[in-house]
Amino acid sequence: MKASIRLGVNVDHVATLRQARGTAYPDPVEAALVAVAAGADSITVHLREDRRHIQDEDVRRVVARCPAPVNLEMAVTKEMVDFACAVKPRYVCLVPEKREEKTTEGGLDAGMIESVVKVACRRMSEAGIQVALFLDPDPRQLAAAVRIGVPHLEIHTGRYADARDDGERALELSYIRNFAEAAQSAGIEVHAGHGLTVENVGPIAAIPEIVELNIGHSIIARSVFVGLPAAVAEMRRRMLEVRQAR
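Note that the coordinates shown come from a computational prediction; the quantities given were computed from them, not determined experimentally.

With that out of the way, let us pick up the sheet that holds strand β2 (residues 42–46). A barrel is described by the order of its strands in space; here eight strands give the closed sequence β1-β2-β3-β4-β5-β6-β7-β8, paired in parallel fashion. For this sheet, the mean angle separating the axes of adjacent strands, direction not counted, is 25 degrees. By the bridge criterion, four bridges tie strand β1 (residues 6–10) to strand β8 (residues 210–215) in an arrangement that is parallel. Directly across from Arg-6, in β8, lies its bridge partner Glu-212.

And the structure:
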């Protein structure tokens, strides 16, 4: 029996469009409901410290209204941990954050701030939240994740997506594949995401240890031309075609 693969859709950039004009539309919560109806297995929102797109009330509303699990991406700060424990999304993914970056530029250095991450994970776990770490495919980061005891991790696929040529892309893919195998062997559920498009998602979706892909920007961008339901369905179809062909 072939392993399945889930699609989590990130709706941050619907909020980006709203914030550009300071209007009440388009509503990222409405986008979440449309995405789930089109086949998304979960919804991701990233509450950044500078609130550049998703707002606190967006998170509260999507957790309250979305029929699919909600994954809250956030930095490892007391403010964010307090907020997550109050709102209680199904999942939290801890990510690094720099105010000046346009998007998350790499994985969390879990080993460098291991004690802080461990305390945050314990608090959220006690609140009933399942926590993941967003990590580069580096064995040292996996070792830290094992010590911290997280049930899930998400592999940062940005360097694979941004590879300059086939050789570099193949090398980055090998790092991701080896990391996914090792994480699964350690008893951690493996997700992946960042920079994935319909054109480059295939080799990542083909890795059997990866059970979920979280994709946002390329789906929202594609929806400008074909509509959100079609963009979600197109990505899901491509993921499943590759997985079922293994």
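There's plenty left to go through after this.
Moving on to the UniProt feature "active site" (unreviewed entry) in the protein. Feature annotation in UniProt assigns "active site" (unreviewed entry) to the following positions: His-46, Glu-73 and His-194. A compact arrangement is adopted by the annotated residues: their sequence extent is 149 residues, whereas the largest C-alpha distance between any two is 12.7 Å. When you line up the elements, His-46 lands in strand β2. Considering the arrangement of structural elements, one finds His-194 in the loop between β7 (189–193) and α9 (201–205). Exposure remark for His-194: the relative accessible area of 22% places this residue in the partly exposed category.

On to the pairing of strand β5 (residues 130–135). Within β5, five of the six residues are buried, which leaves it mostly tucked inside the rest of the structure. Looking at chain direction, strand β4 (residues 91–94) and β5 are connected through four bridges and run parallel. What sits directly across from Tyr-91, in β5, is Gln-130.

Feature annotation in UniProt assigns "binding site: 1-deoxy-D-xylulose 5-phosphate" (unreviewed entry) to the following positions: Asp-12, His-13, Arg-48, His-53 and Thr-103. Inspection of the secondary structure puts His-13 in helix α1 (residues 12–21). Overall, the relative accessible area of 29% leaves His-13 in the partly exposed class. When neighbours within four sequence positions are excluded, His-13 is seen to be in contact with His-217 and Ile-220. A distance of 3.0 Å separates a polar atom in the side chain of His-13 from a polar atom in the side chain of Thr-16. Its location among the elements puts Arg-48 in the loop between β2 and α3 (56–65). When its relative accessible area of 3% is taken as the criterion, Arg-48 is described as buried.

All right, on to unusual backbone geometry then. In this chain, Tyr-25 is followed by Pro-26 through a cis amide linkage whose omega measures -10 degrees. As for its placement among the helices and strands, Pro-26 is situated in the loop between α1 and α2 (28–37). With a phi close to 55 degrees, Arg-51 is a non-glycine residue in the positive phi region. Inspection of the secondary structure assignment puts Arg-51 in the loop between β2 and α3. Classification of Arg-51 by relative accessible area gives buried; the value is 18%.

Let us now look at the pattern of salt bridges. With the rule as written, the count across this model stands at 18 salt bridges. Among the salt bridges present, the one from Asp-50 reaches Arg-52, with a minimum N-O distance of 3.1 Å. Given the relative accessible area of 32%, Asp-50 is considered partly exposed. With relative accessibility at 25%, the residue Arg-52 sits in the partly exposed group. For Arg-164, the salt bridge is made with Glu-168, and the minimal N-O distance between the two is 2.9 Å. For Arg-164, a relative accessible area of 74% puts it in the exposed group. With relative accessibility at 22%, the residue Glu-168 sits in the partly exposed group. Residues participating in the shared-partner salt-bridge network are Arg-18, Asp-27, Asp-58 and Arg-61.

How each quantity is defined
Residues numbered from 1 in each chain as written. Predicted model: local features only at pLDDT ≥ 70, side-chain atom pairs only at ≥ 80, totals over all residues. Heavy atoms only, no water. Pairing = 2+ DSSP bridges. Helix = DSSP H or I, 4+ residues; strand = E, 2+ residues; numbered from the N terminus. Axes fitted to C-alpha atoms, helices over the stretch in contact; angles between N-to-C directions. UniProt positions renumbered as here; feature names shortened; annotations may be inferred. Buried < 20%, exposed > 50% of the residue type's maximum accessible area, 1.4 Å probe, protein only. Contact = heavy atoms within 4.5 Å. Polar contact = N/O pair within 3.5 Å; in protein donor to acceptor, adjacent residues only side chain to side chain. Salt bridge = Lys/Arg side-chain N within 4 Å of Asp/Glu carboxyl O.

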